[in-house]
Amino acid sequence: MLRRSPHLFGAAAILAALGPAPAPDAYTSQRQRMVREQIESRGIHRADILHVLRTTPRHLFVPEGIRERAYDDCALPIGSGSTISQPYIVALMTDLLTPQKHQRILEIGTGSGYQAAVLAQLTEHVYTIEIMPDLAESSREKLAGLGYSNVTVRQGNGYRGWPEEAPFDGIIVTAAPAEVPRTLIDQLARGGRLVAPVGAGWAQNLTVIEKRVDGALVTYSVAPVLFVPMKSK
Ligand code: SAH
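Residues numbered from 1 in each chain as written. Predicted model: local features only at pLDDT ≥ 70, side-chain atom pairs only at ≥ 80, totals over all residues. Heavy atoms only, no water.

Concerning the sheet that holds strand 4 (residues 125–130)
Link 1 in the chain: The seven strands lie next to each other as 5-4-3-6-7-8-9, forming an open sheet whose pairing is mixed. Two strands bound the open sheet, and with one partner strand each, they are strand 5 (151–155) and strand 9 (217–225). Across the sheet, the axes of successive neighbouring strands diverge by a mean angle of 15 degrees, strand direction being ignored.
Link 2 in the chain: Summarising the sheet, strand 3 (residues 104–108) and strand 4 pair through five bridges and their orientation is parallel. The residue of strand 4 that forms the bridge with Glu107 is Thr128. (Pairing = 2+ DSSP bridges. Helix = DSSP H or I, 4+ residues; strand = E, 2+ residues; numbered from the N terminus. Axes fitted to C-alpha atoms, helices over the stretch in contact; angles between N-to-C directions.)

Structure below.
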């Protein structure tokens, strides 16, 4: 699918490979501003990630009554006690995951489906698990309706992961477990990365675990964050 041109390099080549931008909508300028003021200004510079954030209709992933606030610099309630993450946190976690076009990704905590939609445009396939049946159902319908055909939504408990599709090149957890579940680390491919908010209660750290090609694990903390707790086994 990647079209190559001898005249295009770097960011221009990536944008060409992503294809034409979707038609502008009423929120196009709000999205541009969101990326400029909340994301680029805070140090996210990967061109394909910025392009996806500029073109993904985040307002369609929040309840109709709060559409006007979809591009604000904060998380928003989406029902069932869940939230859609702050745009910058979506961008940061996506960047830390280092997604590539050929990769298969597992997400725990589908929520609104927005993070899955972003990753679907940067990878081959996204498998995403949501514990709340109504959210799993509505996000499945929404993602399919918007044409994200490389996302599979399952209702279930993320602590078990998705053994039938493992191993994954990347795993992103968008609800906070007290500790990263061993099952998920086991379902991560060698050379893969897991990104998760980790910590009991409100003291969470955004954490990256790299599984080296020899199987060794390297863990580091990036920043304090605030996510809804991961519902337990
Ligand atoms: N990625 C989402 C943000 C989700 S908020 C987005 O882009 O909108 C976290 C979600 O994780 C909530 O919807 C919550 O119901 C779900 N969740 C909590 N515990 C879970 C578990 N054990 N397994 C799967 N999903 C879980």
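On we go from here.
A word on the packing of aromatic side chains
Link 1 in the chain: Inspection of the entire model under this criterion finds four aromatic pairs.
Link 2 in the chain: Look at Tyr127 and Trp162: their rings are 5.3 Å apart centre to centre, the planes differ by 75 degrees, and that puts the pair in the edge-to-face class. In this pair, Tyr127 is assigned in strand 4 and Trp162 in the loop between strand 5 and strand 6 (168–173), connecting sequence segments 35 residues apart.
Link 3 in the chain: A relative accessible area of 6% places Trp162 in the buried class.
Link 4 in the chain: Among the aromatic residues, those joined into a cluster by ring pairs are Tyr127, Trp162 and Phe168.
Link 5 in the chain: The positively charged end of Arg58 is found above the aromatic ring belonging to Tyr114, 5.0 Å away from the centroid. (Phe/Tyr/Trp six-rings, centres within 6.5 Å; stacked < 30°, edge-to-face > 60°. Buried < 20%, exposed > 50% of the residue type's maximum accessible area, 1.4 Å probe, protein only. Lys NZ or Arg CZ within 6 Å of the ring centre and 35° of its normal.)

Points about the pairing of strand 8 (residues 204–211)
Link 1 in the chain: Burial within strand 8 is extensive, with seven of its eight residues counted as buried.
Link 2 in the chain: As paired strands, strand 7 (residues 188–198) and strand 8 are joined by six bridges and run antiparallel to one another. The residue of strand 8 that forms the bridge with Arg193 is Glu210.
Link 3 in the chain: Between the end of strand 7 and the start of strand 8, which pair antiparallel, lie five residues, with Gly199 showing a positive phi angle near 150 degrees.
Link 4 in the chain: Bridging between strand 8 and strand 9 involves eight bridges; their strand directions are antiparallel. Bridge assignment links Leu206 to a residue of strand 9, and that residue is Ala223.
Link 5 in the chain: Between strand 8 and strand 9, which follow one another and run antiparallel, lie five residues, and Gly215 among them has a positive phi close to 90 degrees.

A short note on the pairing of strand 4
Link 1 in the chain: Extensive coverage of strand 4 is indicated by the burial of six of its six residues.
Link 2 in the chain: Where burial is concerned, the two faces of strand 4 agree: the one with His125, Tyr127 and Ile129 and the one with Val126, Thr128 and Glu130 are both buried.
Link 3 in the chain: A crossover links strand 3 with its parallel partner strand 4, the connecting element being helix 5 (residues 114–120), and its sense is right-handed.
Link 4 in the chain: Here five bridges tie strand 4 to strand 5, and the two strands are oriented parallel to one another. Residue pairing in the sheet places Glu130 in a bridge with Gln155 of strand 5.
Link 5 in the chain: Each parallel crossover has a hand, and for strand 4 linked through helix 6 (residues 133–145) to strand 5 it is right-handed. (Right-handed = clockwise from strand over helix to strand, strands pointing away.)

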